[in-house]
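# Architecture at a glance
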Amino acid sequence: MSKNAKIAAGGVAVGLILLIWLPWWVAFLIVVGVPAAAYLTLDPSQRRRLRRVMRKEIGR
C-alpha cells in the first residue's frame, strides 16, 4: 500500500470515528477545516509548488 493510500485510509477511519462521537456538522467542520488550515499556513512559494503538483497529477 502506498503512503498516500495509507493517509487516505487513516483519514476515512478518523472521519468515521468523529461521526460516531460528534454531531455530523462538527465532524464535517473538522474534516474540512484541518486541511484548509494547513494550506493557509504554507508560504506563497509552497502554495505555488503544491498547485503545480496538483495540476500535473490531474493531467493539465
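Heads up: the structure comes first, above all this text.
So, a few notes on the structure that sits alongside this text. Numbering of residues starts from 1 in every chain and runs along the sequence as written. Totals for whole chains, interfaces and linings use every residue, but because this is a predicted model, local features are given only for residues with pLDDT of at least 70 and side-chain atom pairs only at 80 or more, for both listing and counting. The side-chain numbers reported here are obtained from all heavy atoms of the structure, hydrogens and water having been left aside.

Further remarks concern the overall build of the protein chain. Put simply, DSSP marks the helices as runs of H or I at least four residues long and the strands as runs of E at least two long, and each gets a number from the N terminus on. Looking only at helices and strands, one finds 3 helices and 0 strands in the protein chain. Along the chain direction, N to C, the helices and strands of the protein chain fall in the order α-α-α. Radius of gyration here uses only the C-alpha atoms, and the compact-globule reference equals 2.2 Å multiplied by the residue count raised to the power 0.38. Taking 2.2 N^0.38 as the reference for a compact globule, 60 residues should give roughly 10 Å; the C-alpha atoms of the protein chain span a radius of gyration of 14 Å, well beyond that estimate. Principal-axis analysis of the C-alpha atoms gives the protein chain an extent of 40 × 30 × 15 Å. Any residue under 20% of the maximum accessible area for its type is buried, any over 50% is exposed, and the rest in between are partly exposed; the area is computed with a 1.4 Å probe on protein chains only. Within the protein chain, the fraction of its 60 residues that count as buried is 5%. A 1.4 Å probe and the Shrake-Rupley method give the accessible areas. Residues count as covered only by the protein chains that appear here. With the model as given, the accessible surface of the protein chain reaches about 5300 Å², and the carbon-plus-sulfur share is 69%.

On to the packing of helix α1 (residues 3-21) against helix α2 (residues 24-40), then. Where α1 contacts α2, the two axes come as close as 8 Å, and the packing angle between them is 150°. Viewed along their axes, α1 and α2 adopt a mutual orientation that is roughly antiparallel. Relative to α2, α1 is oriented so that their crossing is right-handed. Contacts from Gly15, Leu18 and Leu19 of α1 reach α2 at Trp24, Ala27, Ile30 and Val31. Note on geometry: axes are lines fitted to C-alpha atoms, helical ones only across the stretch in contact, with angles between N-to-C directions running from 0 to 180 degrees. The cut-offs work like this: below 35 degrees is roughly parallel, past 145 is roughly antiparallel, 65 to 115 is roughly perpendicular, and the gaps in between are oblique. Each crossing gets its hand from how the near helix is turned against the far one by less than a right angle, where anticlockwise is left-handed and clockwise is right-handed. Contact criterion: two residues are considered in contact whenever any of their non-hydrogen atoms come within 4.5 Å of each other.

All right, on to a nonpolar patch on the surface then. A contiguous nonpolar surface patch, about 970 Å² in accessible area, is contributed by Val12, Leu16, Leu19, Trp24, Trp25, Phe28, Leu29, Val31 and Val32. Looking at the nonpolar patch, the elements that each hand over two or more residues are α1 and α2. Per element, the largest residue contribution to the nonpolar patch is 6 residues, and it comes from α2. Take valine 31: it is sitting in helix α2. Each patch groups residues whose relative accessible area exceeds 30% and which form no salt bridge, using 9 Å between like charges and 5 Å between nonpolar side chains of Val, Leu, Ile, Met, Phe, Trp and Tyr. By convention in these notes, a salt bridge is any Lys or Arg side-chain nitrogen within 4 Å of a carboxyl oxygen on Asp or Glu.

With that out of the way, let us pick up the packing of aromatic side chains. Any two rings among Phe, Tyr and Trp, with Trp reduced to its six-membered ring, count as a pair given centres within 6.5 Å; such a pair is stacked if its planes are under 30 degrees apart, edge-to-face if over 60, and tilted if neither. Counting across every chain of the model gives 0 aromatic pairs. Two conditions define a charge located above a ring, namely a distance within 6 Å from the ring centre to NZ of Lys or CZ of Arg, and an angle within 35 degrees of the ring normal. Across the ring face of tyrosine 39, the terminal group of arginine 47 is positioned such that the distance to the ring centre comes to 5.3 Å.

With that settled, the discussion passes to a positive patch on the surface. By the counting scheme adopted, Arg and Lys are positive, Glu and Asp are negative, and His together with the chain ends is not counted. In plain terms, the charge of a residue is placed at NZ if it is Lys, CZ if Arg, CG if Asp and CD if Glu. A contiguous patch of positive charge, built from Arg48, Arg49, Arg51, Arg52, Arg55 and Lys56, is present on the exposed surface. Of the residues examined, lysine 56 reaches a relative accessible area of 63% and is grouped as exposed.

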